[in-house]
Amino acid sequence: MELAVLDATLLYPPTPRKVNAMTIPRDGLAVLGPALAFALLMSDYVSNSQAQIKPEAFHRTIDGSQVDVYMLKNANGLEATITNYGGIVVSLMVPDKNGKPGDVVLGYDTLNDYIGNTPYFGCLVGRYGNRIAKGRFTIDGVVYQLAQNNLGNALHGGLKGFDKVVWQAEKVDSSDGPALKLTYTSKDGEEDYPGTLRCTVTYTLTNKNELKIEYSAETDKPTFVNLTHHSYFNLKDGGASDILGHELVIKASRFTPVDKGLIPTGELRSVAGTPFDFNKPTAIGVRLASEDEQMQFGTGYDHNWVLDRQGKDLELVASVYEPTSGRFMEVLTTEPGLQFYCGNFLNGTNKGKGGTVYQHRTGLCLETQHFPDSPNHPDFPSTELKPGEKYTQTTVYRFSAK
Ligand code: BGC
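Residues numbered from 1 in each chain as written. Predicted model: local features only at pLDDT ≥ 70, side-chain atom pairs only at ≥ 80, totals over all residues. Heavy atoms only, no water.

Draft legend 1. Looking closely at the pairing of strand β25 (residues 302-307). Within β25, six of the six residues are buried, which leaves it mostly tucked inside the rest of the structure. A two-sided burial pattern is seen for β25, the buried positions comprising D302, N304 and V306 on one face and H303, W305 and L307 on the other. Pairing geometry for strand β22 (residues 252-256) and β25, over four bridges, is antiparallel. Looking at β25, one finds that T256 is bridged to N304. (Buried < 20%, exposed > 50% of the residue type's maximum accessible area, 1.4 Å probe, protein only. Helix = DSSP H or I, 4+ residues; strand = E, 2+ residues; numbered from the N terminus. Pairing = 2+ DSSP bridges.)

Listed below in structure tokens is the structure:
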């Protein structure tokens, strides 16, 4: 009997599940033989054993709201496990060139680990992804001071950003594939940002083997918004070894150089002749030892690229190829910028899924976004959102193998 989860399935709490077209409520298991009942109960775990995610390790109430993990499985067998705590993608199972599935994102086996200490593994980032200089900005003549949580600057939405809150979760069926809709209302003054911000993020694991992320937000007062997603990808082995051999393309002629605190200077600098030119596929490790001052400031790549876009629609902007597994990931977005961070601050102190210790540069982030510190750079594309306007952004991570 096929016991695997058949479609997008909430792993926990137990719900009636389809098994070979029969629906068996878990309460009804008592009438079955004990061995069969046990097998059925365990079937969720078996089907996800490669991802090693146990639903009960995420089932908990936080701030009065229920946290769980949800599994999306598309028509081709790709699986994404996502928790509504921080909207974290806990695992993402993608086949290699031989069709063997493997987890391509770094993360933890338990919710407690995420709560304890995470370098933003797999989460949603907001209200403002990336840095704001001195944690300060002005709107309509009023100065707002945010928490300075990163070398005197504000990083990733503050002390308790969108990565640390519980989102309301709803599974939605879409013609594209199984989806999880997450909503969160950030109150006026939360983390010292003005305006109540109503946010929706929908993750869809499409039948074209894409993890599609659609964001929207509305405010009741002028505010700044820059939402993004922070998966650390390792297409080779999910973080057991480094990402230096991954071949990266970023379609960008310019990037935003930074100061020592990783705040953009305001210049849009040409990548030509620098280690920042990824217009042709280049292994990430090849130029990391460069003496370019920007590489010193970032302690490697930790910069925003100014994407060469044709318009404002969803567009292919970057790709990563890992030669040993053959996995290939393309990034499409509606955003003007891309922060490429190559895991410079990973240092072996995070023990992740299945006991894997994440050493230096074992994951890479491709964070589609507006440019860092835009509130203080009127020349950059604006991140201000006013009442009556709708913030939207869409990003797609598309997987294949060759
Ligand atoms: C930033 C890095 C930071 C990392 C984890 C990235 O988005 O660019 O500087 O260390 O997030 O916090």
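Draft legend 2. Expanded view of the packing of aromatic side chains. Across all of its chains, the model carries 27 aromatic pairs by this definition. When the centroid spacing of 5.3 Å and the interplanar angle of 70 degrees are considered together, the rings of Y108 and F121 count as edge-to-face. Of this pair, Y108 sits in the loop between β9 (101-103) and α2 (111-116) while F121 sits in the loop between α2 and β10 (123-125), and the two are 13 residues apart along the sequence. Take Y108 and F121: they sit in the same class, and that class is buried. Grouping aromatic residues by their ring pairs yields a cluster made of F58, Y108, Y114, F121, Y232, Y341, F345 and Y358. The lysine or arginine in question, K402, covers the ring of Y321, its NZ or CZ lying 5.3 Å from the ring centre. Stacked on the ring of F328, the Lys or Arg K402 has its end atom at 3.8 Å from the ring centre. (Phe/Tyr/Trp six-rings, centres within 6.5 Å; stacked < 30°, edge-to-face > 60°. Lys NZ or Arg CZ within 6 Å of the ring centre and 35° of its normal.)

Draft legend 3. Inspection of empty space enclosed by the protein at higher detail. Applying the stated criterion across every chain yields a total of two cavities of 30 Å³ or more. For the second largest cavity, the calculated volume is near 30 Å³. Classifying every residue of the lining of the second largest cavity gives five nonpolar, two polar and one charged. (1 Å grid on protein atoms, 1.4 Å probe; cavity = no way out; pocket = protein on both sides within 12 Å on 5 of 7 lines; lining within 4 Å. Points joined across faces, edges and corners; volume = space filled by probe spheres on them. Nonpolar A, V, L, I, M, F, W, Y, C, P; charged D, E, K, R; others polar.)

Draft legend 4. Inspection of the pairing of strand β26 (residues 315-321) at higher detail. The element β26 is extensively covered by neighbouring structure, given that six of its seven residues are classed as buried. Across four bridges, strand β21 (residues 247-250) lies against β26 in antiparallel orientation. Counterpart to I250 in the pairing with β26 is A318. Here six bridges tie β26 to strand β27 (residues 327-333), and the two strands are oriented antiparallel to one another. Note that in β27 the partner of V320 across the bridge is M329. What sits between β26 and β27 in their antiparallel hairpin is a turn of five residues, with G326 showing a positive phi close to 80 degrees.

Draft legend 5. Highlighting the site of the ligand. In the vicinity of the ligand, the contacting residues are P119, Y120, R131, H156, H230, Y232, D302, Q339, Y341, F345 and E367. In this structure, R131 approaches the ligand through a side-chain N or O atom, which is 2.7 Å from an oxygen atom. Residue Q339 places a side-chain N or O atom 3.2 Å away from an oxygen atom belonging to the ligand. Coverage of the ligand by the protein chains reaches 93% of its 300 Å² of free accessible surface. Counted by class, the shell around the ligand contains five nonpolar, three polar and three charged residues. (Near = heavy atom within 4 Å. Polar contact = N/O pair within 3.5 Å; in protein donor to acceptor, adjacent residues only side chain to side chain. Areas by Shrake-Rupley, 256 points an atom, 1.4 Å probe, with all protein chains shown as cover.)

This is a description of form; function is not addressed.
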